[in-house]
Every structure is written in structure tokens, then in C-alpha cells.
Amino acid sequence: MEYYEITLNGIEHLLNRFDEKKYAAIVSDCITKWRKQRDVTCFAQAFSPTGSFADFTFKPDAFTSAQQRYWVQELMGALTAMAAQLAVFTTQKRKVDIEFIRKHFGRLTEVINGTSCAACGTKGVTAFGIDEYISGKIIANRIVDGLAIGKMNNKIDEIITLTAPEIKYNRTAVRERIDNSKIPLSEIYEPTTKCPFCGSNDITHCRFLKSLKQNVFIPLGK
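Residues numbered from 1 in each chain as written. Predicted model: local features only at pLDDT ≥ 70, side-chain atom pairs only at ≥ 80, totals over all residues. Heavy atoms only, no water.

Caption draft 1: View of the overall build of the protein. Scanning the protein for helices and strands turns up eight helices and five strands. Overall, the protein shows an N-to-C arrangement of helices and strands of α-α-α-α-α-β-β-α-α-α-β-β-β. Taking the principal axes of its C-alpha atoms as reference, the protein extends roughly 60 × 40 × 30 Å. For the protein, the proportion of its 222 residues judged to be buried stands at 45%. Pairs at least 24 apart in sequence give 70% of the contacts found in the protein among residues at least 6 apart. When the accessible area of the protein is evaluated, it comes to approximately 12200 Å², of which 50% is carbon and sulfur surface. Charge-centre separation for the protein: the mean point of 30 positive side chains lies 4 Å from the mean point of 24 negative side chains. (Helix = DSSP H or I, 4+ residues; strand = E, 2+ residues; numbered from the N terminus. Buried < 20%, exposed > 50% of the residue type's maximum accessible area, 1.4 Å probe, protein only. Contact = heavy atoms within 4.5 Å. Areas by Shrake-Rupley, 256 points an atom, 1.4 Å probe, with all protein chains shown as cover. Lys, Arg positive; Asp, Glu negative; His and termini not counted. Charge placed at Lys NZ, Arg CZ, Asp CG, Glu CD.)

Caption draft 2: Structural detail: the environment of Gly136. Looking at the element boundaries, Gly136 is found in helix H6 (residues 127-149). Given a relative accessible area of 9%, Gly136 falls into the buried group. The spacing of Gly136 and Thr109 is 27 residues in sequence and 8.1 Å in space, taken between C-alpha atoms.

Caption draft 3: Inspection of the pairing of strand E4 (residues 203-210) at higher detail. Note: strand E1 (residues 111-117) against E4, seven bridges, orientation antiparallel. In the strand pairing of E4, Cys117 is matched with Ile203. In terms of strand pairing, E4 meets strand E5 (residues 217-220) through four bridges, oriented antiparallel. Residue pairing across strands places Arg207 opposite Leu220, the latter belonging to E5. Count of turn residues in the E4/E5 antiparallel hairpin: six residues. (Pairing = 2+ DSSP bridges.)

Caption draft 4: Spatial organisation of the sheet that holds E5. Spatial ordering of the open sheet is given by E3-E2-E1-E4-E5, a layout of five strands whose pairing is mixed. Edge positions in the sheet fall to strand E3 (185-186) and E5, since each has one partner strand and no second. Where H6 meets the sheet, it contacts E1, strand E2 (123-126), E3, E4 and E5, and its direction lies at approximately 155° from that of E1. Contacting E1, E2, E3, E4 and E5, helix H8 (residues 165-180) crosses the sheet at an angle of about 65° to E5. (Axes fitted to C-alpha atoms, helices over the stretch in contact; angles between N-to-C directions.)

Caption draft 5: Highlighting helix H4 (residues 66-91). Taking 1.5 Å of rise per residue, 26 residues should cover 38 Å, and H4 covers 38 Å from first to last C-alpha, within 8% of that figure. Immediately beyond the C-terminal end of H4, within one or two residues, lies Lys93, with a positive phi of roughly 55°. (Expected span 1.5 Å × (residues − 1).)

Caption draft 6: Broad picture of the packing of aromatic side chains. Taken as a whole and judged by the stated rule, the model has 17 aromatic pairs. A ring pair is formed by Tyr4 and Trp34, whose centres lie 5.0 Å apart and whose planes are at 70°; its orientation type is edge-to-face. Here the residue Tyr4 occupies a position in helix H1 (residues 3-17), and Trp34 occupies one in helix H2 (residues 21-37), the gap between them amounting to 30 residues. Of the two residues, Tyr4 and Trp34, neither departs from the other in class, the shared state being buried. (Phe/Tyr/Trp six-rings, centres within 6.5 Å; stacked < 30°, edge-to-face > 60°.)

Caption draft 7: Representation of the nonpolar core in the model. Leu14 and Leu15 are the most contacted members of the largest nonpolar core, which totals 63 residues. Examining the composition of this core, we find that twelve residues originate from one element, H4, more than from any other. (Core = buried A, V, L, I, M, F, W, Y, C linked by side-chain atoms within 4.5 Å.)

Caption draft 8: Quick peek at the pattern of salt bridges. Applying the stated criterion across every chain, the model contains eleven salt bridges. One salt bridge connects Glu166 with Arg142, and the closest N-O pair in it is separated by 2.8 Å. Here Arg142 lies in helix H6 and Glu166 lies in helix H8, a separation of 24 residues in the sequence. Each of the salt bridges in this network shares a partner with another, and the network as a whole consists of Arg142, Glu158 and Glu166. (Salt bridge = Lys/Arg side-chain N within 4 Å of Asp/Glu carboxyl O.)

Below, the structure written as C-alpha cells:
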């Protein structure tokens, strides 16, 4: 089975898990056209700015938590990006192997986002910021692992249910690094519009860089 089809199967599975039958059927049609005609234009059209997925969002009540909502939305975006890139490679008649995909796919970062409050002077990180920091690498690795074994469903399901062991492991490791850095941590799980420590609206966003020499984060900028 081609990597492109495996990825589309993963998208269809994800949509079906959240009872998005209309959109799952569109992806199923793309899979059929790929199998019969080696056609990738169906997917490109569906996910174009004016396509059938242009305004797609998961139902707000589909999730059991804010954490699940975030991870599923990131997963959907990553699967879509993978399928789009594989469609381009197919159009170019370019063959890629799993090592190439693993090396080049993913949103990796050594910078974690935080908040800086003018009122209380606190520069801190939230639980949401931790997941922003770790999710790109975890999801990318899960998708590539699914391509390598020829089936994506189990890899996807463990992200949906937040049972992938690397989620807990990475959260714990980042929390330890934050603690070592003496950076205040808030358990708030949403993009912040006010200080999570004093409630002030006079906040800006700041960033912390992962140190390569010590198990700490280093503030960037003033």
C-alpha cells in the first residue's frame, strides 16, 4: 500500500472516530479514485481554500477535554499536511522512502512559549504551552511509524485517547526542566489572554529556549 493511501485511511479513520461521516465519505472517495486512477486531485480539491473541507471543524462537544481537543486538531492538521506533501511527490513522480519522510516531516522546536505579565512581573509557562511544545514531534513520529508498518489506526487512536506513552513521558520531562529553571507553571489549558498568575490583562507572550548543556530553559529577550 502506498504511503499516500495509508495517510488517507488514517484521516478517514480519525473522522469516523468523531462521527464526521460526511467528511469521512469525501476522503473515502479520494481513496477510491486513488486506487482506480492513481488520482490525487480529489484530495487537493477537497482541501483547497474553496474546497469541501475549507470550513471544517470538529464539533465542539465531540471532545472529553480541552487536552483531547488540542491533540486531535493537531493530529488532523499533521495528517492533512502529510497527505498534501505525498500528493505533490506523486504528481512529481518522486519516490520517497521512510527514512526521507522521517527526516523531513514534522514541526520540531526547542522553544517553549510562555507569558510575561507587566502587572505582577511573572514570566511563566502553562500546561497548554507544554503540550504545544511536545505535540509536534510526538504526532510526527506517530504518523511516520504508521506509514512504516502500513497502518495508521492504532497510532492515531493512542493520540485520540491520550494514551500514547510518550505524551506522559515528555510532559514529565518538560515539567522537570521547567522546575529546574525556577519558572512558574500554571495548569491553565488554553491560549492565554490574561495573566494565569494574577489575572491581569496586561500580558505579552515570551519564549524560553531549551538549554543544550543543562536540563533547564533559558528566557529569550528581555
